[in-house]
Amino acid sequence: YQEVFAIEPDNLLARAGLQQVADKYMQLANTQQGSLSQRLSVINQGLTTFPDHQGLLALKKELNKKKLAQQREFEVKRALKQKIEELLKKAELQLATLRLTTPTNDNAYETYQKILTIAPDNEQAQAGLIKIADQYELDLVEISPNADPPVCKVIDYQKFLYQQKKKQKELKAKATKIVVKELRF
């Protein structure tokens, strides 16, 4: 078809044949179960056959957008992973030098909390907070489990329970008591 089309650009049969070949390439690219790069390769082969095929051009544009989005997502994940690794190294150094909760903005507790805001399920950060609690002979207590991310504090659990009970008693004492009196005429 290409040879006929090269000799006679107005040949409708050659043009229709090239259109059919390009359509097959588009169909193959749509049904192929492979990576975006493989699908783009098929599209490029089809475009060498019929460079002006609108369907192939649109599909190529769509797949290039998806590929770019995947690359951006990968870069973001990689940057977050690198940031977490840096913070973990910093926290371990702070833990080793016993900068557990002081000085402000340069202690292991705050660094582990930063890690947990980025990755709430990070086991190393959770283990680090437990190490800090063990150093102080305190407990790691989840204060607000429904918050995003959940809020934890390193405190004495017995003292925490005592304060909770005390708050409950205060609330109960402050509650207005309604007394209904009956009057008879």
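Structure: above.
Notes on the structure follow. (Residues numbered from 1 in each chain as written. Predicted model: local features only at pLDDT ≥ 70, side-chain atom pairs only at ≥ 80, totals over all residues. Heavy atoms only, no water.)

Things to note about the packing of helix α4 (residues 54-96) against helix α6 (residues 123-136)
Point 1. Where α4 contacts α6, the axes come no closer than 11 Å and their chain directions differ by 15°. Taken together, the axes of α4 and α6 lie roughly parallel to each other. Where α4 crosses over α6, the handedness of that crossing is left-handed. Across from Leu88, Glu92 and Leu95 in α4, the residues of α6 making contact are Gln124, Ala125, Lys131 and Ile132.
Point 2. Across the contact of α4 with α6, the residue classes tally to four nonpolar, one polar and two charged. (Axes fitted to C-alpha atoms, helices over the stretch in contact; angles between N-to-C directions. Helix = DSSP H or I, 4+ residues; strand = E, 2+ residues; numbered from the N terminus. Parallel < 35°, antiparallel > 145°, perpendicular 65-115°, else oblique. Left-handed = near helix turned anticlockwise from the far one by under 90°. Contact = heavy atoms within 4.5 Å. Nonpolar A, V, L, I, M, F, W, Y, C, P; charged D, E, K, R; others polar.)

Section: the environment of Arg15
Point 1. Inspection of the secondary structure puts Arg15 in helix α2 (residues 12-31).
Point 2. Between the C-alpha atom of Arg15 and that of Ala69, which follows or precedes it by 54 residues, the distance is 35 Å.

Focus on the packing of helix α5 (residues 108-118) against α6
Point 1. Running from N to C, α5 and α6 point in directions that differ by 155°, and their axes come no closer than 9 Å. Our classification of the angle between α5 and α6 gives roughly antiparallel. Seen along the crossing, α5 lies across α6 with a hand that is left-handed. Between α5 and α6, the contacting residues are Ala108, Tyr109, Tyr112, Gln113, Ile115 and Leu116 on the first element and Gln124, Ala125, Gln126, Gly128, Leu129 and Ile132 on the second.
Point 2. Tallied by class, residues from the contact of α5 with α6 come to eight nonpolar, four polar and no charged.

What about the pattern of salt bridges?
Point 1. By the definition in use, this model includes four salt bridges.
Point 2. Taking the shortest distance from any N to any O, the salt bridge between Lys77 and Glu73 comes out at 3.3 Å. With Lys77 and Glu73 both in helix α4, this residue pair falls four residues apart, about one helical turn.
Point 3. Residue class for Lys77 comes out exposed when judged on its relative accessible area of 54%.
Point 4. Residue Glu73 is classed as partly exposed on the basis of its relative accessible area of 45%. (Salt bridge = Lys/Arg side-chain N within 4 Å of Asp/Glu carboxyl O. Buried < 20%, exposed > 50% of the residue type's maximum accessible area, 1.4 Å probe, protein only.)

Focus on the nonpolar core
Point 1. Counting 17 residues, the largest nonpolar core has Leu95, Tyr112, Ile115, Leu129 and Ile132 as the members making the most contacts within it.
Point 2. Excluding residues that lie within four positions of it along the chain, Tyr112 makes contacts with Leu88, Ala91, Glu92, Leu95, Gln124, Ala125, Gly128, Leu129 and Ile132.
Point 3. Counting residues in each nonpolar core, the second largest holds twelve residues, with Leu36, Leu47, Leu56 and Leu63 among its members. (Core = buried A, V, L, I, M, F, W, Y, C linked by side-chain atoms within 4.5 Å.)

So, unusual backbone geometry
Point 1. Of note, the amide linkage connecting Thr102 to Pro103 takes the cis form, showing an omega dihedral of -5°.
Point 2. Relative to the assigned elements, Pro103 resides in the loop between α4 and α5.
Point 3. A positive phi angle is found at Leu98, which is not glycine, with a value near 60°.
Point 4. When you line up the elements, Leu98 lands in the loop between α4 and α5.
Point 5. Classification of Leu98 as exposed rests on a relative accessible area of 56%.
Point 6. Backbone geometry at Asn105 places phi at a positive 70°, although glycine is not the residue there.
Point 7. Tracing the backbone shows Asn105 in the loop between α4 and α5.
Point 8. The class of Asn105 is exposed, set by a relative accessible area of 61%.

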